[in-house]
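Read off the chains here:
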Amino acid sequence: MTHDFTSLAVIALIAVAAPVIANLIPRKPIPETVLLLAGGTVLGPAMLNVIWTDESVLLLSDLGCAMLFLLAGYEINPKTITGREGKRGLATWAVTLMLAFAAVHCFTGVSARGLDGLAVTIALTTTAIGALMPILKERNLLGTRLGDSVLSYGTWGELGPIVAMALLLSTRSTWMTVLILLLFITIAVLMAVFGHQSSRTEGPIRDIFFAGRDTTSQTFVRAVLMLLIALVALSSLFNLDIVMGAFAAGFILRYIIPEGDHDLEKKLDAIGYGFFIPLFFVVSGAKIDLLAVADDPLLLVGFIAMLVLIRAVPIFLSMRHDKDPEVAELGARAHASVAVYCTTALPLIVAVTSVAVSAGAMTDSTASVFVSAGALTMLIMPLLAAGIYRVADKHPIERLKERVSH
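Residues numbered from 1 in each chain as written. Predicted model: local features only at pLDDT ≥ 70, side-chain atom pairs only at ≥ 80, totals over all residues. Heavy atoms only, no water.

Colleague: I tried to follow the overall build of the protein chain on my own but got confused; where do I start?
Modeller: In terms of regular secondary structure, the protein chain is built from 20 helices and 0 strands. Over its C-alpha atoms the protein chain spans a radius of gyration of 21 Å, differing by no more than 12% from the 22 Å that the globule rule assigns to 406 residues. Along the three orthogonal principal directions, the C-alpha set of the protein chain runs to about 70 × 50 × 50 Å. Scored against the burial criterion, the 406 residues of the protein chain give a buried share of 49%. Sequence separation of 24 or more characterises 78% of the internal contacts of the protein chain that already satisfy a separation of 6 or more. Counting every atom, the protein chain has about 19,300 Å² of accessible surface; 67% of that belongs to carbon and sulfur. Taking the 28 positively charged and 31 negatively charged side chains of the protein chain as two groups, their mean positions are separated by 9 Å. (Helix = DSSP H or I, 4+ residues; strand = E, 2+ residues; numbered from the N terminus. Rg over C-alpha atoms; globule rule 2.2 N^0.38 Å. Buried < 20%, exposed > 50% of the residue type's maximum accessible area, 1.4 Å probe, protein only. Contact = heavy atoms within 4.5 Å. Areas by Shrake-Rupley, 256 points an atom, 1.4 Å probe, with all protein chains shown as cover. Lys, Arg positive; Asp, Glu negative; His and termini not counted. Charge placed at Lys NZ, Arg CZ, Asp CG, Glu CD.)

Colleague: Please explain the pattern of salt bridges as it appears in this structure.
Modeller: When the charged atoms of two side chains with opposite charge come close together, those side chains can pair. In the structure shown here, the tally under the stated rule is 9 salt bridges. One salt bridge connects arginine 200 with glutamate 259, and the closest N-O pair in it is separated by 4.0 Å. Linking arginine 200 in helix H9 (residues 174-200) with glutamate 259 in the loop between helix H12 (242-256) and helix H13 (262-286), this pair joins segments that are 59 residues apart in sequence. Overall, arginine 200 belongs to the partly exposed group, its relative accessible area being 42%. Given the relative accessible area of 60%, glutamate 259 is considered exposed. (Salt bridge = Lys/Arg side-chain N within 4 Å of Asp/Glu carboxyl O.)

Colleague: Which parts of the structure should I look at to understand the packing of helix H2 (residues 32-43) against H13?
Modeller: Each pair of packed helices can be described by the angle between their axes along with the distance between the axes. At their nearest, the axes of H2 and H13 sit 6 Å apart, and the two run at 45° to each other. When the axis of H2 is compared with that of H13, the two are oblique. Relative to H13, the crossing made by H2 is right-handed. Of the residues in H13, those in contact with Thr33, Leu36, Leu37, Gly40 and Thr41 of H2 are Pro278, Phe281, Val282, Ser284, Gly285 and Ala286. Of the residues that constitute the contact of H2 with H13, the class distribution is 6 nonpolar, 5 polar and no charged. (Axes fitted to C-alpha atoms, helices over the stretch in contact; angles between N-to-C directions. Parallel < 35°, antiparallel > 145°, perpendicular 65-115°, else oblique. Left-handed = near helix turned anticlockwise from the far one by under 90°. Nonpolar A, V, L, I, M, F, W, Y, C, P; charged D, E, K, R; others polar.)

Colleague: Just to check I follow, could you spell out helix H15 (residues 297-320) for this structure?
Modeller: Think of an α-helix as 3.6 residues a turn; residues three or four steps apart then line up on the same face. An ideal rise of 1.5 Å per residue puts 34 Å on 24 residues; H15 measures up with 33 Å between its terminal C-alpha atoms. Its axis deflected by about 30° at alanine 312, H15 carries its strongest bend there, up to four residues before the proline proline 314. (Expected span 1.5 Å × (residues − 1). Bend = angle between axes of the 7 residues up to and from the residue.)

Colleague: When you look at the state of the cysteines in this model, what are you seeing that I'm missing?
Modeller: Disulfide: a covalent bond connecting the sulfur atoms of a pair of cysteines. All chains considered together, the criterion is met by 0 disulfides. Take cysteine 65: it sits in no disulfide, and the sulfur closest to it among the cysteines is that of cysteine 342, at 19 Å. The buried category is assigned to cysteine 65, whose relative accessible area is 7%. (Disulfide = S-S within 2.5 Å.)

Colleague: What's the story with the packing of aromatic side chains in this structure? I'm lost.
Modeller: Aromatic rings in a pair are described by how distant their centres are and how their planes are angled relative to each other. A full pass over the atoms with the stated rule returns 6 aromatic pairs. On the numbers, 5.0 Å between centres and 75° between planes, the contact of phenylalanine 275 with phenylalanine 276 is edge-to-face. Ring geometry for phenylalanine 280 against phenylalanine 281: centres 5.2 Å apart, planes inclined by 55°, an arrangement best described as tilted. In terms of burial, phenylalanine 280 and phenylalanine 281 fall into one category: buried. (Phe/Tyr/Trp six-rings, centres within 6.5 Å; stacked < 30°, edge-to-face > 60°.)

Colleague: Sorry, what's going on with the side chain of serine 368 here?
Modeller: Take serine 368: it is sitting in helix H19 (residues 364-390). At 3.2 Å, the side chain of serine 368 and the backbone nitrogen of aspartate 289 are in polar contact. Discounting chain neighbours no more than four positions away, the residues touching serine 368 are Lys287, Ile288, Asp289, Ala292 and Val293. (Polar contact = N/O pair within 3.5 Å; in protein donor to acceptor, adjacent residues only side chain to side chain.)

Colleague: What should I look at first to understand the side chain of serine 235 in this one?
Modeller: Considering the arrangement of structural elements, one finds serine 235 in helix H11 (residues 219-237). Taking the relative accessible area as the measure of exposure, serine 235 reaches 0% and is therefore buried. Setting aside anything within four residues of it in sequence, one finds serine 235 in contact with Phe184, Leu240, Asp241, Ile242, Met244 and Gly245.

Colleague: In this structure, what is going on with unusual backbone geometry? I would like to understand it.
Modeller: In terms of backbone geometry, most residues other than glycine have negative phi values and most peptide bonds are trans. Although it is not a glycine, asparagine 49 adopts a positive phi angle of roughly 60°. Tracing the backbone through its elements, the reader meets asparagine 49 in the loop between H2 and helix H3 (55-75). Backbone geometry places asparagine 239, a non-glycine residue, at a positive phi of 60°. Mapped onto the elements, asparagine 239 comes out in the loop between H11 and H12. Residue classification places asparagine 239 among the exposed positions, given a relative accessible area of 53%.

Colleague: Whenever I open this one, the packing of H11 against H12 confuses me. Can you help?
Modeller: Orientation of H11 relative to H12, taken along the N-to-C sense of each, is 145°, at an axis distance of 7 Å. Two packed elements cross with a definite hand, and for H11 against H12 that hand is right-handed. Here Val224, Leu227, Leu228, Leu231, Val232 and Ser235 of H11 come into contact with H12, specifically with Ile242, Met244, Gly245, Ala246, Ala248, Ala249, Ile252 and Leu253. Of the residues contributing to the contact of H11 with H12, the split by class is 12 nonpolar, 2 polar and no charged.

Colleague: What is the right way to read the confidence of the model for the protein chain from this model?
Modeller: Detailed conclusions should not be drawn from predicted coordinates in areas where pLDDT is low. Confidence in the prediction for the protein chain averages 87 pLDDT; 94% of positions are at 70 or higher. Of all secondary-structure elements in the protein chain, the lowest mean pLDDT belongs to helix H20 (residues 396-405), at 48, while H11 reaches the highest, 95. Confidence over residues 392-404 falls short of pLDDT 50; this stretch has 7 contacts with residues more than four positions distant or in other chains. (pLDDT = per-residue confidence, 0-100.)

What follows is the structure in structure tokens.
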């Protein structure tokens, strides 16, 4: 118990220091998430061994991961993924999955059909839309045309791998896995319909909830946390990754309150980003073994390069050939920026490698390299995306001459 509280105290110190350090650096080039990961890595078991990843700390970390995906699912408007660009995002993700299968089979030493190969394949198709949300908010991109494109393509980079994990990394038979998925979706839909109707049906229960929303009862917050934990527990019961339950909870919450609730969002942000989500990133960093990464730097660089080729290039080409005038007007620099943003990956890399390690199909050192690569994308890709967006998309010399002449 002493170890647990000591670890939590150190994690809390890193969580407080990260935004201070990030804001002291001119122009804030390094996202807070990267500093949280770095703090966990340096103070984790592989280095200074000040943070112990005991069972209770890992449980809180899982709750932080669940909060991250709840808030990500809530931020996503269903029209974003079911609209025209969202459908292109789904098709593009399917292409990246096929490319990843081919790349793992041809250029790595693992079998594309083995559990370790499947884990790497899925990791190469991911977008950390949950981790991108705070970065997009900081840069005032949410609600813009560029931000909508990131969500359209990036959400399928989150949803697709979640479903692929359930289908491809399961030890059950395929038909049993499909049946369990359908049952999970049915329960989630019923919960959404029940919550939607209950929120609009007048009665004493509804009155109690609205009366206690801003009191010590905090009825709305308690209801959301109940929804989250119930679906995470259901995911665990069905032997699915908790990410699926958390993401579903976010979608259900958005369905219940499609117009949003600013006060509730502030409270959930305070709970999530105030404690649980920073804890998740610090603990994720604590799982990284830098010595293992140093022993295999080619795997680290190769994974990031493959991630760019397999994930970013298809998204860029899809946007370049999109005939929608609004997408075309964004220009090549914005298309490239969206593609690079969508190459940011981490939480799902942690999830898929954890499944492979638990099954004995991947070593801890190899998993550390992949998680480190995901952590580096959290630093490199947002910086690169912002830099691309500031550069003129074509004919910079001609544009400079035009500006001088005017």
